[in-house]
Amino acid sequence: MEKKDLKTEVTDKYSLRGRVFNRIREDILNGKYADHEELKEVAIGAELGVSRTPVREALRQLELEGLVQIIPNKGAYVVGISAKDIRDIYMIRSKLEGLCARWACENITHEQMEDLEEIVYLADFHEKKGHFDQLAELDNRFHTTLYESCDSKMLEHLLKDYHQYVWQIRQKTLAGKRGKDCNDEHRQIMEAIRDKDADRAEKIANRHMRSAYDNMVNNGLLEMFEKA
């Protein structure tokens, strides 16, 4: 396994502890670690090129987020995301994404508007070709651009966190018909923002999240998050 020396990442905006935290968090959410798997400080520190101290501090912070459970005299174990967590995240996102789209109508820049239009165009092309990896990446780009266009660092931070939390399952949802429906909804959001129609933008963005969740339920995708 390739070692990553995080001490050399001087351009990162986070402290060493923050970078370690974000790397472990990302690995948990991306499915690198299985549910209930032990997170060994020495092994993680060796992989990331850091001492045990920032790893231990990151694990404690991840416990506060509910992604890790630390059992005294035993170790730290992955808790991960449950099916209920997924539902909660999408219901919360439905409200926040609606607010984000509303604020984007007021604050989006010309460059951000062009980016949204380009992303929708490219996603349509890749969906027709069945390029689902590219579709997932473009879905990320659409939402990231949308979050940045609301001009609220607090709302942007919250939505980016929630978006990352469900990365593993989002990759699966874009296969098949949902990929086309998703991009059609993105197009409607983009057009409403372009038209400065805040009510319509908020309504469509809200519905977009609920449609995404309903698709997961209808296709049995939440079963992978069911706790034993």
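The structure contained in this document is the topic of the report that follows. In this text, all values refer to a predicted model and were calculated from it rather than measured experimentally.

## Some points on the packing of helix H6 (residues 132-149) against helix H9 (residues 177-194)
Next up, step 1: At a minimum axis separation of 12 Å, H6 and H9 run at an interaxial angle of 25°. Classified by the angle between their axes, H6 and H9 sit roughly parallel to one another. For H6 against H9, the interelement crossing comes out left-handed. Every residue of H9 that contacts H6 at Leu 135, Asp 139, Phe 142, His 143 and Leu 146 is listed here: Gly 179, Cys 182, His 186, Ile 189, Met 190 and Ile 193.
Next up, step 2: Looking at the contact of H6 with H9, its residues break down into seven nonpolar, three polar and one charged.

## Overview of the packing of aromatic side chains
Next up, step 1: Applying the stated criterion across every chain, the model contains one aromatic pair.
Next up, step 2: Seen in terms of ring centroids, Tyr 90 and Tyr 213 are 6.3 Å apart; in terms of plane orientation they differ by 35°. Their pairing is tilted. Here Tyr 213 lies in helix H10 (residues 198-218) and Tyr 90 lies in helix H4 (residues 83-107), a separation of 123 residues in the sequence. Here Tyr 90 matches Tyr 213 in class, with each residue buried.
Next up, step 3: In this arrangement the basic side chain of Arg 93 is found over the ring face of Tyr 90, its NZ or CZ atom lying 5.2 Å from the centre.

## With respect to the nonpolar core
Next up, step 1: If you look at the biggest cluster of nonpolar residues, it comprises 34 residues, and the most contacted ones within it are Ile 24, Ile 28, Leu 39, Leu 62, Ile 86, Tyr 90 and Ile 169.
Next up, step 2: Those elements that place two or more of their residues in this core are helix H1 (16-29), helix H2 (41-48), helix H3 (52-65), strand S3 (75-78), H4 and H10.
Next up, step 3: The contact partners of Tyr 90, leaving out residues within four places of it in the chain, are Val 166, Arg 170, Met 209, Ala 212, Tyr 213 and Met 216.
Next up, step 4: Core analysis: the next-biggest nonpolar cluster, separate from the first, contains 31 residues, Leu 96, Ile 108, Val 120 and Ala 205 among them.

## A closer look at the pairing of S3
Next up, step 1: Side-chain alternation along S3 places Gly 75 and Tyr 77 on one buried face and Ala 76 and Val 78 on a second face that is also buried.
Next up, step 2: For strand S1 (residues 38-39) and S3, the ladder comprises two bridges, and the chain directions are antiparallel. Each residue of the ladder has a partner; that of Glu 38, found in S3, is Tyr 77.
Next up, step 3: Connecting strand S2 (residues 68-71) to the next strand, S3, in antiparallel fashion are three residues, including Asn 73 with a positive phi near 65°.

## Some words on H2
Next up, step 1: For H2, the complete set of buried residues consists of Glu 41, Ile 44, Gly 45, Glu 47 and Leu 48. Down the axis of H2, the sector holding all buried residues measures 160°, keeping them to one side.
Next up, step 2: Summarising the contacts, the buried residues of H2 are in contact with H1, S1 and H3.

Parameters at a glance
Residues numbered from 1 in each chain as written. Predicted model: local features only at pLDDT ≥ 70, side-chain atom pairs only at ≥ 80, totals over all residues. Heavy atoms only, no water. Axes fitted to C-alpha atoms, helices over the stretch in contact; angles between N-to-C directions. Helix = DSSP H or I, 4+ residues; strand = E, 2+ residues; numbered from the N terminus. Parallel < 35°, antiparallel > 145°, perpendicular 65-115°, else oblique. Left-handed = near helix turned anticlockwise from the far one by under 90°. Contact = heavy atoms within 4.5 Å. Nonpolar A, V, L, I, M, F, W, Y, C, P; charged D, E, K, R; others polar. Phe/Tyr/Trp six-rings, centres within 6.5 Å; stacked < 30°, edge-to-face > 60°. Buried < 20%, exposed > 50% of the residue type's maximum accessible area, 1.4 Å probe, protein only. Lys NZ or Arg CZ within 6 Å of the ring centre and 35° of its normal. Core = buried A, V, L, I, M, F, W, Y, C linked by side-chain atoms within 4.5 Å. Pairing = 2+ DSSP bridges. Arc of directions from axis to C-beta.

Function cannot be read off these values alone, since they describe shape.
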